[in-house]
Amino acid sequence: MEKLLLDENFVAVKAKHSPDETLQRWRDLCGVVKNPKRRFRFTANLSKRCEAAAMRRTNQEKLRVAVLVSKAAFQFIQGVQPSDYVVPQEVKAAGFSICADELGSIVEGHDLKKLKFHGGVAGIADKLSTSTNTGLTTDTDLLNRRQETFGINKFTECEPKSFWVFVWEALQDMTLMILGVCAFVSLIVGLAMEGWPKGAHDGLGIVASILLVVFVTATSDYRQSLQFKDLDKEKKKISIQVTRSGYRQKMSIYDLLPGDIVFLSIGDQVPADGLFVSGFSVVIDESSLTGESEPVMVNSQNPFLLSGTKVQDGSCKMIVTTVGMRTQWGKLMATLSEGGDDETPLQVKLNGVATIIGKIGLFFAVVTFAVLVQKMFGRKLKEGTHWSWSGDDALEMLEYFAIAVTIVVVAVPEGLPLAVTLSLAFAMKKMMNDKALVRHLAACETMGSATTICSDKTGTLTTNHMTVVKSCICMNAQEVNKGAANFCSEIPDSTVKLLLNAIFTNTGGEVVINKEGKREILGTPTETALLEFGLSLGGDFQGERNASKIIKVEPFNSEKKRMGVVLELPDGGMRAYCKGASEIILAACEKVVNSSGEVVPLDEASMNHLKVKIEHFANEALRTLCLAYMELDKGFSADNPIPLSGYTCIGIVGIKDPVRPGVKESVALCRSAGVTVRMVTGDNINTAKAIARECGILTDEGIAIEGPVFREKSLEELHELIPKIQVMARSSPLDKHMMVKHLRTTFDEVVAVTGDGTNDAPALHEADIGLAMGIAGTEVAKESADVIILDDNFSTIVTVAKWGRSVYVNIQKFVQFQLTVNVVALIVNFSSACATAFVGQHDYGHFRSTSTSN
């Protein structure tokens, strides 16, 4: 049996990313099934996937042509004659000056000519009755009118199947159809021979059995479909930052309307078609829509943003123009709504078992029918009545056929592959209650086999609630929690001003006033901690931002481990600020601000002093950041890169991020269950080691290594080193990907990897199980993951592994039960049929009723 199941056609189906050809091939092998509609209901619809791929190719060609046309149009833009666009009357009556179709043609067609005619982005905003600063008003009547005119940001989904559709599908079972025919013939012959009601007993008995099987099957499948529907709703919950009535707020992407002002940053999915309003260094990945891998730069010259694409770099503000089914993404999603989930390896193997047992059952059924018919012919020959056939003979022949069909019914474990789906779906539902959203069924069973978990530190092992607790400003280390007045009294006023300017201008966060009129800080936990520190020193966020003009921004990403900004100061001068990983920024500094607030050369003694402070902070499990600045020439252009060296160090801050409660116990539980936990982080190695020891990850036998050292090792050294690595610090996404690849290929480990950033996507994709963070994770990371950890907690990952193992135990028990029942039923039916054939007609009636009930 094992040899048959390990046929290359079955083994070729992987837990992730199996080609469509492979999926189709094994389905063809399982083609002889009783009810293919039911067996393959919850698996991928391969024809729909082909349609989606064809649509992507069409989109790619359309966009390529649109870009070429828009480039040509841009060259002749000054000579363009106004188009003859006329606003439809119903749109005018609703209070707008442009219709949905015109907006769709501008963005989807990358039509710069039309955009210019309508007054550019500002003109489109006016015609949509919105403001690029304050967004839409929250007046319900106005929002309803806007929704009626332009539509909603939802995609057409296939109608949910009613219970009676499942009943109809259950009736498609080939053996039930044959039994139905047998019941009909049995009724006709029985009534003709014995009359009502005696002649109807056998036929009605078979009908009752069929109806019982059909309704039990349909009820089970209907409840299953409702579970999948609930899980699908959870998968589609995506929020985005929007300004309405002047207030920043989080909103579901499905509530967006044309005219909304949306804020996008690295890793976000563009929620609707729109136009770029303002921003820096925006790079968009359009591969999900067009299949084109080359990223696209979006700016005021190329302001078109398409729904479903991903922000690869930068941040921006966009105005929504087209929503829902009017976008290409909407049409693509409607095609993929029936795409389904890939089969899991366990489903494939159990399908193989069901197919093989089905063939064995069919063989025994044919043999049984042949034996019974041969005995009947033998008896008639002996009696000399072989040329004389009566109604009783026809009924007997029919009963023999029903017995053969019954053997097929009891022999084929049709529910075996569905048992996997049921068990996985049950586990998915329970995991949802435990704060884990499973995106792919296969992840449930694969997680049960995990032997290694490569976990992030920040937000997964720690709480992600960060506060600045220590600092070393002007070479002077001090506690931060002793009050703003005391803190500032030890630092020159000029340096405090410089520090606040650095914090409030070189940030991806924002300080806003919410609907309740209270101050709210938006941004990553690190940004929030720095902004809180700046506000606690008496800083004014809006005042600092308004005083200077931002010329260029290079957002933080996990590869560079730094963020930079260039400002035009009120006096006309230019200044660059940068912040990031302490040792990286410090290495880029040539000067430092001393205790008197003067800029002095960064000599060896000062450098060593700062390095000692960084190490001291890190050993206390603090995340360290270095802040620096540089005066630039007035001729600096936004096209120039921000300098990488020549900075003046302002100071270093130590940020506390406490370890989550229960993490140490969860790590110990993993170790006792044979699962190795490794920490892979971008933080300082001393900070990483301190946290790893606190969590119980770093032991005396294990080693901690830095990413740059790891990637320089030869294959032979890595082979020896990787099993001992428990902490990797200052790692890049490439290091994480390399570690995962080696663990999977060289050491045959089943690897689960956590990730939250856009650059983690390759590692999440490579891993056996990709775990994305639900709170801190970007949409790109979630898209690449198999499971989303909704509370970003390591203990939840351990819970997922527990459920994965329970799935295996449940399926193992069901297989033992199912196969025992099927084999016993097959042997009993076959033996009794053959015994009846040899004994003769004497006890036939009793056997017939036994077979029917089986």
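The following paragraphs examine the structure supplied in this document. (Residues numbered from 1 in each chain as written. Predicted model: local features only at pLDDT ≥ 70, side-chain atom pairs only at ≥ 80, totals over all residues. Heavy atoms only, no water.)

**Considerations on the overall build of the protein chain**
For clarity, the cut-off: By the criteria applied, helices consist of DSSP H or I runs no shorter than four residues and strands consist of E runs no shorter than two, each listed in order from the N terminus. Relative accessibility thresholds used throughout: buried, under 20% of the residue-type maximum; exposed, over 50%; partly exposed, between the two (1.4 Å probe, protein chains only). Residue exposure ignores everything except the shown protein chains as possible cover, and the areas themselves are Shrake-Rupley values with a 1.4 Å probe.
Helix and strand counts for the protein chain stand at 34 helices and 26 strands. Within the protein chain, the proportion of its 854 residues that are buried is 53%. Approximately 38100 Å² of the protein chain is accessible, and the part contributed by carbon and sulfur atoms is 57%.

**Some details on unusual backbone geometry**
Positive phi, normally seen in glycine, also occurs at arginine 730, with a value near 50 degrees. Within the element layout of this structure, arginine 730 appears in the loop between strand 23 (725–729) and helix 30 (733–745). Exposure remark for arginine 730: the relative accessible area of 8% places this residue in the buried category. Backbone geometry at aspartate 748 places phi at a positive 55 degrees, although glycine is not the residue there.

**Concerning the pairing of strand 4 (residues 273–285)**
Selection rule: If DSSP finds at least two bridges between two strands, the strands pair.
Where strand 4 lies against strand 7 (residues 310–322), 10 bridges are found, and the strand directions are antiparallel. Each residue of the ladder has a partner; that of phenylalanine 280, found in strand 7, is serine 315. Here strand 4 runs beside strand 6 (residues 304–305); their pairing, made up of 2 bridges, is antiparallel. Within strand 6, the position partnered with glycine 274 by the bridge is leucine 305. As judged from the 3 bridges shared by strand 4 and strand 5 (residues 296–298), these two strands associate in the antiparallel manner. By the bridge assignment for strand 5, valine 282 is matched with valine 298.

**Points about the nonpolar core**
Soluble globular proteins tend to pack their nonpolar side chains together in the buried interior. Under the convention used in this document: To form a nonpolar core, buried Ala, Val, Leu, Ile, Met, Phe, Trp, Tyr and Cys residues must be joined to one another through side-chain atoms within 4.5 Å. Should any heavy atoms of two residues lie within 4.5 Å, those residues are considered in contact.
With 52 residues, the main nonpolar core has Met447, Ile769, Val787 and Phe794 as its most contacted residues. Here this core gets 9 residues from one element, more than from any other, and that element is helix 33 (residues 794–839). Other than its neighbours up to four places away in sequence, isoleucine 769 contacts Ala443, Thr446, Met447, Ala450, Val750, Val751, Ala752, Val753, Asp786 and Val787. Residues Ile491, Leu569, Tyr577 and Ile655 belong to the second largest nonpolar core, which totals 36 residues.

**Some remarks on the pattern of salt bridges**
Defined as follows: Each salt bridge in this description consists of a side-chain nitrogen of Lys or Arg and a carboxyl oxygen of Asp or Glu lying within 4 Å of one another.
The tally for this structure, following the rule as stated, stands at 16 salt bridges. In this structure, the salt-bridge partner of arginine 248 is glutamate 510, at a minimum N-O distance of 2.5 Å. Note that arginine 248 is positioned in strand 2 (residues 247–252) and glutamate 510 in strand 12 (residues 510–513), a separation of 262 residues in sequence. Three or more residues are tied together by salt bridges with common partners; here these are Lys457, Arg623 and Asp683.

**Remarks on the packing of helix 21 (residues 493–505) against helix 22 (residues 525–536)**
As a reminder of what qualifies: Only the contacting stretch of a helix is used when fitting its axis, a line to C-alpha atoms as for every element, and angles between N-to-C directions run 0 to 180 degrees. The handedness criterion is simple: a crossing whose near helix is rotated anticlockwise from the far helix by less than a right angle is left-handed, and one whose near helix is rotated clockwise is right-handed. Gly counts as polar in this scheme, as do all residues outside two lists: the nonpolar Ala, Val, Leu, Ile, Met, Phe, Trp, Tyr, Cys and Pro, and the charged Asp, Glu, Lys and Arg.
Remark: helix 21 packs on helix 22, axes separated minimally by 9 Å, with the N-to-C direction vectors making an angle of 145 degrees. Regarding helix 21 and helix 22, the two cross each other, and that crossing is left-handed. Note on element contacts: helix 22 touches helix 21 through Leu530, Leu531, Phe533, Gly534 and Leu535, opposite Leu499, Leu500, Ile503 and Phe504. Class assignment for the residues of the contact of helix 21 with helix 22 results in 8 nonpolar, 1 polar and no charged.

**A closer look at helix 25 (residues 604–619)**
The periodicity of an α-helix, 3.6 residues per turn, causes residues three or four positions apart to be oriented the same way. Formally: Working rule for helices: expected span equals 1.5 Å times residues minus one. This arc is taken over the directions from the axis of the helix to the C-beta atoms.
With 16 residues, helix 25 should cover 22 Å at 1.5 Å per step; its first-to-last C-alpha distance of 22 Å lies within 8% of that length. Residues Ser606, Met607, Leu610, Ile614, Phe617 and Ala618 constitute the buried set of helix 25. Mapping the buried residues of helix 25 onto a view down its axis gives an arc of 110 degrees, with all of them on the same face. Turned more than 90 degrees off the buried face of helix 25, the exposed positions are Glu604, Ala605 and Val612. Turning to helix 25, the residues buried within the fold contact strand 10 (467–473), helix 24 (582–587), strand 17 (589–593), strand 19 (622–632), strand 20 (647–656) and helix 27 (685–695).

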